[in-house]
Amino acid sequence: MATMMRIKQFLLLPMLMLVASLQAGAQHFYYRLDLSSSNIYTFALSNLATAGLNRAANRMLFDNYYSYTVHDLSSPTSDVTVKYYSPIGITARDVLNDVGGGLRLGYNSFNPGSVNWAVFGTAHYKLNQFKTQLTGVDEPVWRHRMQHVSFGGGVLLSFGSIESPSRVIFEAGVRYNIPINYVGPFGVKASDVLNSGVSTHYAIKFGGFSKLQGLGVWADIPHYNVLKNGGDYLPGGKLKSYSFGIVYTITPTRVKDAYR
């Protein structure tokens, strides 16, 4: 419940800002609200909900990301195994794993030619959960929960005219990730356990008015050691969390605004 309230609070102000900007009707305003999850049921429900909101607004407001995170965890003193929550599980930990949200706001060129571009700022929240077990007889399984916020920027290139039924979109960005909460055996305070650092984001998507609009693949690559201090549990530990997956949002036929 606390996690869901945190997500709602994080998204409320950006959504109000987005609605106000959309009412102005600026063609050069680039916008998108992002939702992510590694659970199939959460991803499906998110798609159904955002399809209704897109239809009501008659605009492409949302992108839905199916996210899978690989935690590369190692230590010079211990052998450790990372275990993951089920993408088809129905427990609270399964349903909320890799759940996140955020927004992208910026400037879109909206040229009549075959190439368009956009620059934008980003703000995101993400919850990661996983389990670990040290190699040994009767070693317990420990649960980990990490929460981060990230701020950054990005650019995209869109190939295909604004009237074209299909386009190809390339997107790249840089984000600075800040830990805000940690629960697990490494320690208590997030800032003592986890580092802040830079990650890069990449995506390739279909755009335009076709049925494939918004479909694509994406990846987030960390460029720092996420784990600052493994404590007594995993001294000298190193952690990098790589996220990747697909992006797709159900698009009602009523929506006239092309995916861009």
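To be clear, the structure that these remarks concern was listed above.
Residues numbered from 1 in each chain as written. Predicted model: local features only at pLDDT ≥ 70, side-chain atom pairs only at ≥ 80, totals over all residues. Heavy atoms only, no water.

Draft legend 1. Region of interest: the overall build of the protein chain. For the protein chain, the helix and strand inventory stands at four helices and 10 strands. Expressed as a percentage of the 260 residues in the protein chain, the buried residues total 47%. Residue pairs in contact within the protein chain that sit at least 24 positions apart in sequence constitute 71% of those at least 6 positions apart. Total accessible area on the protein chain is roughly 12500 Å²; 65% of this is exposed by carbon and sulfur atoms. (Helix = DSSP H or I, 4+ residues; strand = E, 2+ residues; numbered from the N terminus. Buried < 20%, exposed > 50% of the residue type's maximum accessible area, 1.4 Å probe, protein only. Contact = heavy atoms within 4.5 Å. Areas by Shrake-Rupley, 256 points an atom, 1.4 Å probe, with all protein chains shown as cover.)

Draft legend 2. Quick look at the packing of aromatic side chains. What the rule picks out here adds up to 11 aromatic pairs. Ring geometry for Y68 and Y84: centres 6.0 Å apart, planes at 40°, overall tilted. Of this pair, Y68 sits in strand β2 (residues 62-74) while Y84 sits in the loop between β3 (80-83) and α3 (92-96), and the two are 16 residues apart along the sequence. Assessed through its relative accessible area of 30%, Y84 is described here as partly exposed. Following the ring pairs from residue to residue traces out a cluster consisting of W142, Y182, F186 and Y233. Sitting over the face of the ring of Y85, K131 holds its NZ or CZ atom 4.8 Å from the ring centroid. (Phe/Tyr/Trp six-rings, centres within 6.5 Å; stacked < 30°, edge-to-face > 60°. Lys NZ or Arg CZ within 6 Å of the ring centre and 35° of its normal.)

Draft legend 3. Geometry of empty space enclosed by the protein. Counted under the stated rule, the structure contains four cavities of 30 Å³ or more. Lining the largest cavity are 28 residues, and of these K126, R175, N177, D220 and S243 sit closest to its centre. Per-class residue counts for the lining of the largest cavity are 10 nonpolar, 14 polar and four charged. Computed from the structure, the second largest cavity encloses a volume of approximately 80 Å³. Lining the second largest cavity are S38, S67, Y68, T69, H71, Y84, Y85, P87, N97, D98 and Q129. Here the element with the most residues in the lining of the second largest cavity is β2; it accounts for four residues. Here the lining of the second largest cavity is composed, by residue class, of four nonpolar, six polar and one charged. (1 Å grid on protein atoms, 1.4 Å probe; cavity = no way out; pocket = protein on both sides within 12 Å on 5 of 7 lines; lining within 4 Å. Points joined across faces, edges and corners; volume = space filled by probe spheres on them. Nonpolar A, V, L, I, M, F, W, Y, C, P; charged D, E, K, R; others polar.)

Draft legend 4. Fine view of the side chain of N128. With respect to the helices and strands, the residue N128 is situated in strand β5 (residues 115-134). On the basis of relative accessible area, N128 is assigned to the buried category, the value being 7%. A polar contact of 2.5 Å, which involves the side chain of N128, links it to the side chain of D98. If we skip the residues at most four places from it in the chain, N128 touches T69, H71, N97, D98, H144, R145 and M146. (Polar contact = N/O pair within 3.5 Å; in protein donor to acceptor, adjacent residues only side chain to side chain.)

Draft legend 5. A look at the environment of V155. In this structure, V155 sits in strand β6 (residues 141-159). Distance in space between the C-alpha atoms of V155 and Y202 is 9.9 Å, their sequence separation being 47 residues. What V155 contacts, discounting residues up to four positions off in sequence, is A118, V119, F120, F170, E171 and A172.

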